[in-house]
Amino acid sequence: ATRYKGNTAGIYGYNLVNEPNNYLLADFDYWTAQKLVANEIRRIDPETPIIVECNNCSCATHFVYMKPIRLRNIIYQGHFYLPFLFTHQGVKGRADGFVYPCPERGWNKASLERDFTAMLNFRRKYGARLYMGEYSAATWSQGGDAWVKDVTDLLNKHKMDWTYHSFREWFGWDSELVYDFKTKKFDRPAAAPRWRILKAGFRGE
């Protein structure tokens with residue numbers, strides 16, 4: 001905070017912890033730990049936004065258990081990887097073959113929007129600023145582009161800040177890659193469908 005205070009051109013906010021997963025007894029739970037750090041930051045920097053996350057790896061549905069931190073410029077971050085069976089198929093040996101949308105499983109845009117409910121209720125109750133800091137589906141998921149389009153549309157519909165996971169990082173989340181299901185190989189075309197979807201989303205289209 002001392003180093004970056006006032007650097008509004010380069011710093012969006014202080015993200016205190018990525019994907020807390022507090023399920024055992026601890027001296028400080030995920031919320032209290034972030035509150036203690038936020039209080040210390042505010043002693044140094046009263047303005048730069050502080051980004052806090054909910055439990056269960058910041059899963060958007062777990063905002064039902066979240067409570068606000070009574071400080072200025074707090075942003076509440078969720079992550080969205082639902083349904084997990086679909087978005088994480090084939091990741092670290094998980095089962096694959098899942099498709100979106102899937103009427104048999106009830107996976108569609110309406111079901112995704114229902115999974116936003118806890119975050120939207122939190123904003124409605126506390127006037128909180130929301131940020132979806134991660135969302136993605138594995139590059140080899142059938143219907144992954146449609147899933148990304150639906151989630152991006154919903155984020156813009158509900159006027160929520162967002163970032164996609166991820167840009168030129170691990171190939172499993174790379175928005176510029178296209179997976180060929182016949183050859184089982186990746187290609188990086190000039191304009192991958194998922195990248196086009198995200199750029200349209202950035203424009204609010």
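All values reported here derive from a predicted model rather than from experimental measurement.

Visitor: What is the right way to read the pairing of strand S4 (residues 129-135) from this model?
Guide: Counting buried residues in S4 gives six out of seven residues, a clear majority hidden from the surface. Pairing geometry for strand S3 (residues 74-80) and S4, over six bridges, is parallel. Across the sheet, residue Ile75 finds its bridge partner in S4, namely Arg129. Where S4 and strand S5 (residues 161-162) come together, two bridges link them in parallel fashion. Each residue of the ladder has a partner; that of Tyr131, found in S5, is Asp161. For the crossover from S4 across helix H6 (residues 144-157) to S5, the handedness is right-handed.

Visitor: Is there a simple way to think about the packing of aromatic side chains in this case?
Guide: To describe a pair of aromatic rings, you give the distance between the ring centres and the angle between the ring planes. Under the definition given, this model contains 24 aromatic pairs. Between the aromatic rings of Trp170 and Trp173, the centroid separation amounts to 5.7 Å while the plane-to-plane angle is 70 degrees, which identifies the pairing as edge-to-face. Exposure remark for Trp170: the relative accessible area of 33% places this residue in the partly exposed category. With a centroid separation of 5.5 Å and an interplanar angle of 70 degrees, the aromatic rings of Phe171 and Phe186 are classed as edge-to-face. With a gap of 15 residues between them, Phe171 in the loop between S5 and strand S6 (178-180) and Phe186 in strand S7 (residues 185-187) connect regions that are remote in the sequence. On the accessibility criterion, Phe186 (34% relative accessible area) is partly exposed. Within the aromatic cluster, the residues linked to one another by ring pairs are Phe80, Phe116, Tyr135, Trp147, Trp162, Tyr164, Phe167, Trp195 and Phe202. For Lys67, the ring lying beneath its charged end belongs to Trp31, and the centroid distance is 4.2 Å.

Visitor: Is there a simple way to think about the side chain of Ser141 in this case?
Guide: Mapped onto the secondary structure, Ser141 falls in the loop between S4 and H6. You can call Ser141 buried: its relative accessible area is 5%. A polar atom in the side chain of Ser141 sits 2.5 Å from the backbone oxygen of Ala138. Beyond its immediate sequence surroundings of up to four residues, Ser141 is in contact with Phe86, Gln89, Phe181 and Arg194.

Visitor: When you look at the layout of surface pockets in this model, what are you seeing that I'm missing?
Guide: Rolled over the atoms, a probe with the dimensions of a water molecule shows which regions are left empty. Its volume calculated, the largest pocket comes out at about 360 Å³. Together, 17 residues line the largest pocket, and Glu19, Cys57, Tyr81, Phe84 and His88 are the ones closest to its centre. For the lining of the largest pocket, the secondary-structure elements that each account for two or more residues are helix H2 (55-58) and S3. Considering only residue class, the lining of the largest pocket consists of eight nonpolar, five polar and four charged.

Each value, and the rule that gives it
The residue numbering used here restarts from 1 in each chain and proceeds along that chain's sequence as written. It should be noted that, the model being predicted, local features are given only for residues of pLDDT at least 70 and side-chain atom pairs only at 80 or more, the latter also being counted only at that level, while totals for whole chains, interfaces and linings use all residues. Based on all heavy atoms of the structure, the side-chain values leave hydrogens and waters out of the count. Between buried and exposed lies partly exposed: a residue is buried under 20% and exposed over 50% of the maximum accessible area for its type, with that area taken using a 1.4 Å probe on protein chains only. Secondary structure elements follow DSSP: runs of H or I of four or more residues count as helices, runs of E of two or more count as strands, with numbering from the N terminus. For two strands to count as paired, DSSP must find a minimum of two bridges between them. Orient the strands so they point away from the viewer, and a crossover whose first-strand-to-second-strand path over the helix runs clockwise is right-handed. Any two of the Phe, Tyr and Trp rings considered here, Trp counted by its six-membered ring, make a pair once their centres fall within 6.5 Å; the pair's planes then place it as stacked at under 30 degrees, edge-to-face at over 60, or tilted in between. Lysine NZ or arginine CZ positioned within 6 Å of the ring centre and within 35 degrees of the ring normal marks a charge as sitting over the ring. Under the rule applied, a polar contact is a pair of N or O atoms within 3.5 Å (in protein, one hydrogen donor and one hydrogen acceptor; residues adjacent in sequence only if both atoms are side-chain atoms). Residues are treated as being in contact if the distance between any of their heavy atoms lies within 4.5 Å. Residues are said to line a cavity or pocket when one of their atoms sits within 4 Å of a point; the points come from a 1 Å grid over protein atoms alone, cavities being sets where a 1.4 Å probe fits but cannot get out and pockets being open sets with protein on both sides within 12 Å along at least five of seven lines. Grid points are joined across faces, edges and corners, and a volume is the space filled by probe spheres set on the points. Charged means Asp, Glu, Lys or Arg here, nonpolar means Ala, Val, Leu, Ile, Met, Phe, Trp, Tyr, Cys or Pro, and polar covers whatever is left, Gly included.

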